[in-house]
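Summary of structural features
Take a look at the letters that make up each chain.
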Amino acid sequence: LAIAWNPKLFNYVQHDEDMTFSGEANACGSLRPVLLVNLIQRSTGREFIFAGVHLKAGGAESAMRQRWMQYDLLAKLTQRYKAK
């Protein structure tokens with residue numbers, strides 16, 4: 001995964017991996033962690049957190065169920081970072 005940005009518009013702050021999808025007890029199996037990148041918009045000084053997520057591939061019912069679990073975890077992850 002990668003997140004690209006225009007350095008004329010944003011300043012890089014930091015990046016991290018969140019193990020919500022792959023390392024916690026309620027995770028979605030062996031999926032990759034979520035890539036988080038913090039950037040500050042130069043014109044406003046506002047901080048943004050961008051997330052790169054690797055969703056489960058495949059059309060089988062089990063893969064679709066796993067993706068729905070990921071959507072639910074992503075919504076919870078979004079709320080957790082929104083509260084910061």
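Report follows, based on the coordinates. (Residues numbered from 1 in each chain as written. Predicted model: local features only at pLDDT ≥ 70, side-chain atom pairs only at ≥ 80, totals over all residues. Heavy atoms only, no water.)

**Structural notes on helix H1 (residues 61–82)**
Helix length check: H1, at 22 residues, gives a terminal C-alpha distance of 31 Å against a target of 32 Å (1.5 Å per residue), a fit within 8%. For H1, the full list of buried residues reads Ala63, Gln66, Arg67, Gln70, Leu73, Leu77 and Tyr81. Down the axis of H1, the buried set is contained in an arc of 125°. They therefore lie on one face. Among the exposed residues of H1, those pointing more than 90 degrees away from its buried face are Glu61, Trp68 and Lys82. Where H1 is buried, its residues meet strand E1 (10–18), strand E2 (34–41) and strand E3 (47–52). (Helix = DSSP H or I, 4+ residues; strand = E, 2+ residues; numbered from the N terminus. Expected span 1.5 Å × (residues − 1). Buried < 20%, exposed > 50% of the residue type's maximum accessible area, 1.4 Å probe, protein only. Arc of directions from axis to C-beta. Contact = heavy atoms within 4.5 Å.)

**Quick look at the pattern of salt bridges**
The tally for this structure, following the rule as stated, stands at 3 salt bridges. Across the salt bridge formed by Lys76 and Asp72, the nearest N and O atoms sit 3.3 Å from each other. On the criterion of helical spacing, the pair formed by Lys76 and Asp72 is a turn pair, its members being 4 residues apart in helix H1. Take Asp72: its relative accessible area is 41%, and that puts it in the partly exposed class. (Salt bridge = Lys/Arg side-chain N within 4 Å of Asp/Glu carboxyl O.)

**Topic: the sheet that holds E1**
Hydrogen bonding along the main chain pairs the strands of a sheet, whether they run parallel or antiparallel. In space, the 3 strands of this open sheet follow the order E1-E2-E3, with antiparallel pairing throughout. At either margin of the open sheet sits one strand with a lone partner, and together these are E1 and E3. Taking each pair of neighbouring strands and ignoring which way they run, the sheet shows an average axis angle of 20°. Judged from the 6 bridges that link them, E2 and E3 form a sheet pairing that is antiparallel. Pairing of Ile40 across the sheet is with Glu47, part of E3. (Pairing = 2+ DSSP bridges. Axes fitted to C-alpha atoms, helices over the stretch in contact; angles between N-to-C directions.)

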